[in-house]
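Each chain is listed here by its residues.
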Amino acid sequence: MAEAEPITTLVADDHPVVREGLIAMLESADGITVVGEAGSGEEAVARAPALRPDVVLLDLRMGGMDGVAATGRILRELPSTKIVIVTTYENDTDILRAVEAGAAGYLLKGSSRQELIDAVRAAARGETVLTPSLAGKLFRARTPDPAALSERECAVLRLVGQGLTNAEIGGELFISEATVKTYLLRSFKKLGVSDRTAAVMTAIERGLLS
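This section reports on the structure supplied with the text. These numbers were taken from a predicted model, which means no experiment stands behind them.

### A short note on the side chain of S111
Piece 1. Summarising the element assignment, S111 is placed in the loop between β5 (105-108) and α5 (113-124).
Piece 2. Polar contacts involving the side chain of S111 include one to the main-chain carbonyl oxygen of L108, which spans 2.7 Å.

### A short note on the packing of helix α7 (residues 151-161) against helix α9 (residues 177-191)
Piece 1. Taken N-terminus to C-terminus, the directions of α7 and α9 make an angle of 100 degrees; their axes are 9 Å apart at the nearest point. Between α7 and α9, the interaxial angle falls into the category roughly perpendicular. Along the contact surface, α7 presents R152, E153, V156, L157 and V160, while α9 presents V180, Y183, L184, R186, S187, K190 and L191.

### Digging into the sheet that holds strand β3 (residues 55-59)
Piece 1. The strand order across the open sheet formed by six strands is β2-β1-β3-β4-β5-β6, and the pairing between neighbours is parallel. Pairing within the sheet leaves two strands with one partner each, and these edge strands are β2 (32-38) and β6 (129-130).
Piece 2. Relative to β2, strand β1 (residues 7-12) runs parallel, the two being bridged by six bridges. Bridge pairing in β2 links A12 to A38.

### Comments concerning the packing of α7 against helix α8 (residues 166-173)
Piece 1. Where α7 contacts α8, the two axes come as close as 10 Å, and the packing angle between them is 130 degrees. On the basis of the axis angle, α7 is oblique to α8. Handedness of the crossing formed by α7 with α8: right-handed. Between α7 and α8, the residues in contact are R152, A155, V156, L159 and V160 and I169, E172 and L173, respectively.
Piece 2. Residue composition of the contact of α7 with α8, by class: six nonpolar, no polar and two charged.

Rules used throughout
- Starting afresh in each chain, residues are numbered from 1 along the sequence in its written order.
- Local features in this predicted model are restricted to residues of pLDDT 70 or higher, and side-chain atom pairs are both shown and tallied only at a pLDDT of 80 or more, whereas totals for entire chains, interfaces and linings draw on every residue.
- Excluding hydrogens and water, the side-chain values take into account all heavy atoms of the structure.
- Secondary structure counts use DSSP, requiring at least four H or I residues in a row for a helix and at least two E residues in a row for a strand, with both numbered from the N terminus.
- Polar contact is the term for a pair of N or O atoms within 3.5 Å; when the atoms are in protein, one must be able to donate a hydrogen and the other to accept it, and sequence-neighboring residues count only if both atoms are side-chain atoms.
- For helices, the fitted axis covers only the stretch in contact; all axes are lines through C-alpha atoms, and the angles between them, taken along N-to-C directions, range from 0 to 180 degrees.
- An angle counts as roughly parallel when it lies under 35 degrees, as roughly antiparallel when it exceeds 145, as roughly perpendicular when it falls between 65 and 115, and as oblique in every other case.
- We call two residues contacting when some pair of their heavy atoms lies within 4.5 Å.
- Only strands that DSSP links by at least two bridges are regarded as paired with each other.
- In this scheme the handedness of a crossing depends on how the near helix is turned from the far one: anticlockwise by less than a right angle means left-handed, clockwise means right-handed.
- Three classes are used: nonpolar for Ala, Val, Leu, Ile, Met, Phe, Trp, Tyr, Cys and Pro, charged for Asp, Glu, Lys and Arg, and polar for all others, with Gly counted as polar.

Next up, the structure:
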């Protein structure tokens, strides 16, 4: 039987010591190869197309482009690559932003070596990776006030009002066209409308797009 190809990874973190620690843990595991590293979101976005890693580990908060923005940019170029956010932050909003940007998982930096390795392997298999303690936070974050539009839903509707298509809106916000449609459908339901024009007009009337 042919030996399985190793899982290739790119590690991005703006703290060299943290980055080196993550790389050391990954390289100690069988079947995982670190093919590159980056010290910023911009560098990760620039390096990913050439390296074409199976999995990218991204720090959430870096100077300049953060991990969520970098996730969207990388996935636009490499839709089959899996992104795992690795961070010290447990904020509900941050978790939801990462998942909605297309990240395959969200892992805390306090996770053990085995948890990190398992997360990379699971992400490579196409599974969602979430530190157990964060599961409840994600559920709460995904249960918004039905009467209120989220900041991202408002942003999408503002761009609709400017005449942009779903694809153009995705480009502006660094999210997929499918994600734009999801935001629109949520907005329709919350506003009690059935089309884009009515959604924009209703949101303006309610003072939600000021």
